[in-house]
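# Reading the structure
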Amino acid sequence: MPLPPFRNESYSDFSQPGPRAGMEAALAKVHGELGREHDLLLAGERIRTAEKLTSTNPARTSQVVGIHQKATAELANRAIETAYANFPAWSKTPAADRIAMLSRVAGIIRDRKYEFNAWLVLEGGKAWDEAEAETAEAIDFCEYYAREMERLAPPITTVQLPGERDEMRYLALGVGVVIPPWNFSLAILAGMTVAALVTGNTVVFKPSSETPTVAAKFAEVLLEAGFPAASFSFLPGSGGAVGDILVSHPKTRFVAFTGSRDVGLRINELAAKTQPGQIWIKRVVAEMGGKDAIIVDKECDLPAAAAGVAAAAFGYSGQKCSACSRAIVHEAVYDKFLDLLQPHVAKLKMGPPEDVANNVTPVISASAKRTIMDYIAVGKKEGRLIAGGAEGPADGHFIQPTVFADIDSKARIFQEEIFGPVLAVTKARDFDHALSMANDSVYGLTGAIYSTNAEHVQRARDEFFVGNMYINRKCTGAMVGVHPFGGFNMSGTDSKAGGPDYLLLFLQAKSIGEKIAPGVVPLGGE
């Protein structure tokens, strides 16, 4: 029986007693598991290393979340070689079986939704609603890609040449390296990994060193759902020690990466260099961040624009590649916009995300905090500070939501990705000027426009050069299947995660023509 039509996972309402009690119970359960040591998994072999990685709670830095193994160069090489050896058998597993496994993954995560939320709260520093949205997104990726594989598995009947039976079918690529980010340590890890597995590839996934416990829990789900231990490896370790080896290995067929521009460019460069013994051109699927702008037009619902900008700028403390870090406001409504924006920022409550009332949560690490505070110091020279600008409680990596007004379009905080709770507000002379400034970026991931001017909205549809563009809503919150996600320029390879083209990035097409009767003899072509 085919799977039912895809439907996005619904969100829990934590203002209701039932969901709130469920989440509190999950937090208590996860607290009882903090500080445990987790094995490295190499195609089912459980390994412990001399050196360890330790993840901590970014809201309480003395609290250890998990202890993990630190993969060596030798283990990285073994992981790729083993994945290569296991690929022929796994790729021959019927697509229906792989689809069934993936459907079970979705069901297991759904059953443990609050538990995964709790891990995201404690290791990722996410507020309850942000954690809930991420876990739901992980479920959506699994459900959506299961249905996409169901669509792509049968041979495709091509145009039929008289006297022939002609078709095209999709084959798996080989060994894939999956490198997810820390900011969506479940959803993006799950999306990239299951896309590779359900299409018949073997996978080595290296989680971020900031959030390896979430990845370890996801690896457990894959095994419980029936994915063979031989089909994947969970390889925590430092990027410097094992990342380059995984990407450069001649038996690596493709790399799926989400993270910073600089790391993404290095991966692309390494993958492009052919190694001795390599017999293919490696494929890189990359999403590398953004410097996302919201245009606030003269004719718009200004209160809605102020609320949308605040939500997009400071959700998860701005640690989203889709976050609004630039608000470009028509000069006719500029001052009024600032007046409306400031109360939204002022009412945000800072504190540990375990408390559902807190919506300003920590940034991920001490190094991230230092980088963001350095940008805030730059911003104080480049513009007018109208909110925030200081650190928060010392026991965590907290930074106040910060807004700078009167920023020049060539200023560093307007041009450079900060990845924190910092918003630059810039005045535009007119719509042409606003659109020009929005497009003046090396990135092109998300963007939004608030406007009731039909001509301006149409021009934004045509000319706002971003992979995900939104009208009269915030620029964060892409939904699987609804808003296929990926950007232009230095934002990556425009690989549309959660869209109908995505699984094709993990497949290769084979055309087959069989002569079955006398007919036309082709004279040309390749």
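This text follows the structure it describes.
Residues numbered from 1 in each chain as written. Predicted model: local features only at pLDDT ≥ 70, side-chain atom pairs only at ≥ 80, totals over all residues. Heavy atoms only, no water.

Looking now at the overall build of the protein chain. For the protein chain, the helix and strand inventory stands at 15 helices and 22 strands. For the protein chain, whose C-alpha radius of gyration is 24 Å, the value lies close to the compact-globule estimate of 24 Å for 526 residues. On the principal axes, the C-alpha backbone points of the protein chain span a range of 75 × 60 × 50 Å. The buried share of the protein chain, reckoned over its 526 residues, is 56%. Long-range contacts, defined as pairs at least 24 residues apart, comprise 76% of the intrachain contacts of the protein chain with a sequence gap of at least 6. Total accessible area on the protein chain stands at roughly 20,800 Å², and carbon and sulfur atoms take up 53% of it. Where the 53 positive side-chain charges of the protein chain centre and where its 60 negative ones centre are 3 Å apart. (Helix = DSSP H or I, 4+ residues; strand = E, 2+ residues; numbered from the N terminus. Rg over C-alpha atoms; globule rule 2.2 N^0.38 Å. Buried < 20%, exposed > 50% of the residue type's maximum accessible area, 1.4 Å probe, protein only. Contact = heavy atoms within 4.5 Å. Areas by Shrake-Rupley, 256 points an atom, 1.4 Å probe, with all protein chains shown as cover. Lys, Arg positive; Asp, Glu negative; His and termini not counted. Charge placed at Lys NZ, Arg CZ, Asp CG, Glu CD.)

Counted under the stated rule, the structure contains 34 salt bridges. With its nearest N and O atoms 3.4 Å apart, the salt bridge here joins K113 to E9. Here the residue K113 occupies a position in helix 4 (residues 113–124), and E9 occupies one in the segment before helix 1 (17–31), the gap between them amounting to 104 residues. Looking at E9, the relative accessible area reads 14%, which means it is buried. (Salt bridge = Lys/Arg side-chain N within 4 Å of Asp/Glu carboxyl O.)

Another aspect to go through is helix 12 (residues 366–382). Under the 1.5 Å per step criterion, the end-to-end length of helix 12 is 24 Å for 17 residues, consistent within 8% with the ideal 24 Å. For helix 12, every residue scored as buried is listed here: A368, K369, I372, M373, Y375, I376, V378 and G379. Summarising the contacts, the buried residues of helix 12 are in contact with strand 16 (402–405), helix 13 (412–415) and strand 17 (422–428). (Expected span 1.5 Å × (residues − 1).)

In the contact formed by helix 1 and helix 4, the axes pass within 8 Å of each other and the chain directions differ by 60°. Between helix 1 and helix 4, the angle is such that the two are oblique. Seen along the crossing, helix 1 lies across helix 4 with a hand that is right-handed. For the pair helix 1 and helix 4, the contacting residues are P19, G22, M23, A26, L27, K29, V30 and H31 in the first and Y114, E115, N117, A118, W119, V121 and L122 in the second. Residues of the contact of helix 1 with helix 4, tallied by class, amount to 10 nonpolar, three polar and two charged. (Axes fitted to C-alpha atoms, helices over the stretch in contact; angles between N-to-C directions. Parallel < 35°, antiparallel > 145°, perpendicular 65-115°, else oblique. Left-handed = near helix turned anticlockwise from the far one by under 90°. Nonpolar A, V, L, I, M, F, W, Y, C, P; charged D, E, K, R; others polar.)

The next subject is the packing of aromatic side chains. Per the counting criterion, the structure on display carries 15 aromatic pairs. On the numbers, 5.6 Å between centres and 20° between planes, the contact of F141 with Y145 is stacked. Within this pair, F141 and its partner Y145 are both found in helix 5 (residues 128–152), separated by four residues, close to a single helical turn. When sorted by exposure, F141 lands in the same class as Y145, which is buried. By way of ring pairs, the aromatic residues F6, F141, Y144, Y145, F254, Y502 and F506 are connected into one cluster. A cation over an aromatic ring shows up here: K126 above the ring of Y316, its NZ or CZ 4.6 Å from the ring centre. The ring of Y470 is capped by R473, whose NZ or CZ atom sits 4.1 Å from the centre of that ring. (Phe/Tyr/Trp six-rings, centres within 6.5 Å; stacked < 30°, edge-to-face > 60°. Lys NZ or Arg CZ within 6 Å of the ring centre and 35° of its normal.)

To continue, consider unusual backbone geometry. A positive phi angle, near 50°, is found at A43, a position not held by glycine. With respect to the helices, strands and loops of the structure, A43 is situated in the loop between strand 2 (40–42) and strand 3 (45–47).

Note that every value here comes from positions in space, so none of it alone points to a role or purpose.
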